[in-house]
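Read off the chains here:
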Amino acid sequence: MHSANMLLRRIVRSSVLPFATQHGMKKDLFPLRRTLSLSLCLKQDKSCEPSEKLDLDEWKKVMKSGLQEEVSEMVSEPKELSSLAAARETLEMWRLAGRAVPENMSEEQLKTFMECPSKSAKKKYLKYLHLKELHKKNDKRKMDERRERRLEAQDQDSKTEETKKSPFVCLWSRTMDKAYNWRAAQSMIFGQPLVFDMSYEKDMSVREVSNTVRQIVMSESSNRRSVDPFHIHFCNFKDDSLYHREFIKSYREAWDKLLITVTDQCYTEIFPKEKLIYLTADSPKVMKAFDHDKIYIVGSMVDKSIKRGVSLARAKRLGLETAALPLDKYLLWSTGAKNLTLDQMMHILLTLKDTADWKKALEFVPKRKYCDFVNKPVKELKKSLDLISTLRLGKGQEKVEKQFAKNYPKRYKLKQK
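Residues numbered from 1 in each chain as written. Predicted model: local features only at pLDDT ≥ 70, side-chain atom pairs only at ≥ 80, totals over all residues. Heavy atoms only, no water.

**So, the packing of helix H7 (residues 206-225) against helix H12 (residues 342-355)**
Consideration 1: Where H7 meets H12, the axes come as close as 7 Å, and the angle between the chain directions of the two elements is 25°. As the angle between them shows, H7 and H12 are arranged roughly parallel. As for the relative orientation of H7 and H12, their crossing is right-handed in sense. Here Thr212, Gln215, Ile216, Met218, Ser219, Ser222 and Asn223 of H7 lie close against H12, whose contacting residues are Leu342, Asp343, Met346, His347 and Leu350.
Consideration 2: The residue makeup of the contact of H7 with H12, split by class, is five nonpolar, six polar and one charged. (Axes fitted to C-alpha atoms, helices over the stretch in contact; angles between N-to-C directions. Helix = DSSP H or I, 4+ residues; strand = E, 2+ residues; numbered from the N terminus. Parallel < 35°, antiparallel > 145°, perpendicular 65-115°, else oblique. Left-handed = near helix turned anticlockwise from the far one by under 90°. Contact = heavy atoms within 4.5 Å. Nonpolar A, V, L, I, M, F, W, Y, C, P; charged D, E, K, R; others polar.)

Next up, the structure:
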């Protein structure tokens, strides 16, 4: 039995161990050798039973099958690793060639890339990953920019708060507020009235009413800071209306301290009709000069759809005089409607009141709406241009002659003679 054990050891050393050393499996076979020797020792103790014999052929088959499975597993793992490395090398080559390839790819993404059936599918998958990576980078860059802007805004706010807290700035703002309030208080006694008609709530949406109130707030602040402010009247103003709620949102506690006149009466009940002039863009009468003895009315309305004739119809029902700004006389109008915002109207009226200069006053009209100022009226320019165009084309000469005779009768008579 001892000789059989020695023989078995030689077989293992000569056949199994060299194969294992080639594949790096020598350490795993030492416990098998020990268990084999122990089993043989146990067999040696039970050698008194002659019927039990060691079957070497069966043991060899079992050992060979186990070794083949382990070797196949060890070989499959390096194959996968080598294929992933090859995929990474191809991706690096494509990146150097200038193709759309992502910079970082996970193992799962590499496996899906390798499983793509064709080269075009691989390119599309890489392009998708590349775009996804670019979007992530852009989002991160935008977040960083927003963070920097937020920090800069916080720094500016802290600086402005520090300047506001300085005693000189606080004293200056208080004195200026007192001066402005003193002028507004004087205008309530001696100033020229300016009426805001607050009866257009039904003709506007909630958003338009809020825009109207915002413009009126800007108008009130510019009027309060002017040299000779108007005495502002809010007529046809109803408590708990949409106007009222929006004014409370804007002014808050200062609403009750405003130096203006707020009333639910109509302006025809407060002022004489012969002094009232309703300013509307739809009026056929053009305003020639600012009259300090008249009381001008401005409709508190902002309409996005530009409802024509609403304020003109209201003025006609009340039997009031109307007027429009001479925009065609002084401005070469390009595009857009001739309706101005309430704060622009306030600036124009204040400038006219102080300087009586239409060019300075109409500088507050947005420059996108007109090309330039003109010396002579635009209607005459248009008439002359129409005459030139019709004469060049040779169409409608009789109409042109009639129009020329109507506009310039003396010249037409001389021409006939």
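**Points about a negative patch on the surface**
Consideration 1: A surface patch of negative charge is lined by Glu148, Glu152, Asp155 and Asp157.
Consideration 2: The exposure class of Asp155 is partly exposed, given its relative accessible area of 45%. (Patch = residues over 30% accessible without salt bridge, like charges linked within 9 Å, V, L, I, M, F, W, Y side chains within 5 Å. Areas by Shrake-Rupley, 256 points an atom, 1.4 Å probe, with all protein chains shown as cover. Salt bridge = Lys/Arg side-chain N within 4 Å of Asp/Glu carboxyl O. Lys, Arg positive; Asp, Glu negative; His and termini not counted. Charge placed at Lys NZ, Arg CZ, Asp CG, Glu CD. Buried < 20%, exposed > 50% of the residue type's maximum accessible area, 1.4 Å probe, protein only.)

**Considerations on the side chain of Gln344**
Consideration 1: Looking at where Gln344 falls in the secondary structure, it is placed in helix H12.
Consideration 2: Those residues in contact with Gln344 that sit more than four places away from it in its chain are Phe364 and Pro366.

**Quick notes on the pairing of strand E5 (residues 295-299)**
Consideration 1: In terms of residue burial, E5 counts as a mostly covered element, since five of its five residues are buried.
Consideration 2: Note that strand E1 (residues 193-197) and E5 share four bridges and pair parallel. Among the inter-strand pairings, Phe196 is bridged to a residue of E5, identified as Val298.
Consideration 3: Relative to E5, strand E4 (residues 276-279) runs parallel, the two sharing four bridges. Looking at E5, one finds that Leu279 is bridged to Val298. (Pairing = 2+ DSSP bridges.)

**Looking at the nonpolar core**
One recurring pattern in soluble globular proteins: nonpolar side chains tend to sit buried together.
Consideration 1: Of all hydrophobic cores here, the largest spans 56 residues; its most connected members are Phe234, Phe247 and Tyr267.
Consideration 2: Looking at which element gives the most residues to this core, the answer is H12, with seven residues.
Consideration 3: Within the second largest apolar cluster, twelve residues are counted, among which are Trp94, Met105, Leu110 and Tyr125. (Core = buried A, V, L, I, M, F, W, Y, C linked by side-chain atoms within 4.5 Å.)

**Notes on the packing of H7 against helix H8 (residues 242-251)**
Consideration 1: Orientation of H7 relative to H8, taken along the N-to-C sense of each, is 50°, at an axis distance of 9 Å. Taken as axis vectors, H7 and H8 run oblique relative to one another. For the crossing formed where H7 meets H8, the hand is right-handed. Seen from H7, the contacting residues are Val206, Val209, Ser210, Thr212, Val213, Ile216, Val217 and Glu220; seen from H8, they are Leu242, Tyr243, Glu246, Phe247, Ser250 and Tyr251.
Consideration 2: For the contact of H7 with H8, a count of residues per class yields nine nonpolar, three polar and two charged.

**Comments concerning the packing of aromatic side chains**
Consideration 1: Under the criterion given, the structure shown has twelve aromatic pairs.
Consideration 2: Measuring from ring centre to ring centre gives 6.1 Å for Tyr251 and Trp255, while their planes differ by 35°; the resulting arrangement is tilted. Per residue, the accessibility class of Tyr251 equals that of Trp255, and both read buried.
Consideration 3: Here the aromatic cluster, defined as three or more aromatic residues joined through ring pairs, consists of Phe196, Phe234, Phe237, Phe247, Tyr251 and Trp255.
Consideration 4: Here Lys122 stacks its cationic end above the ring of Phe113, 5.4 Å away from the centre of that ring.
Consideration 5: Taking NZ or CZ as reference, Lys353 lies 4.3 Å from the ring centre of Phe230, over its face. (Phe/Tyr/Trp six-rings, centres within 6.5 Å; stacked < 30°, edge-to-face > 60°. Lys NZ or Arg CZ within 6 Å of the ring centre and 35° of its normal.)

The quantities given are spatial measurements derived from coordinates; they are silent on function.
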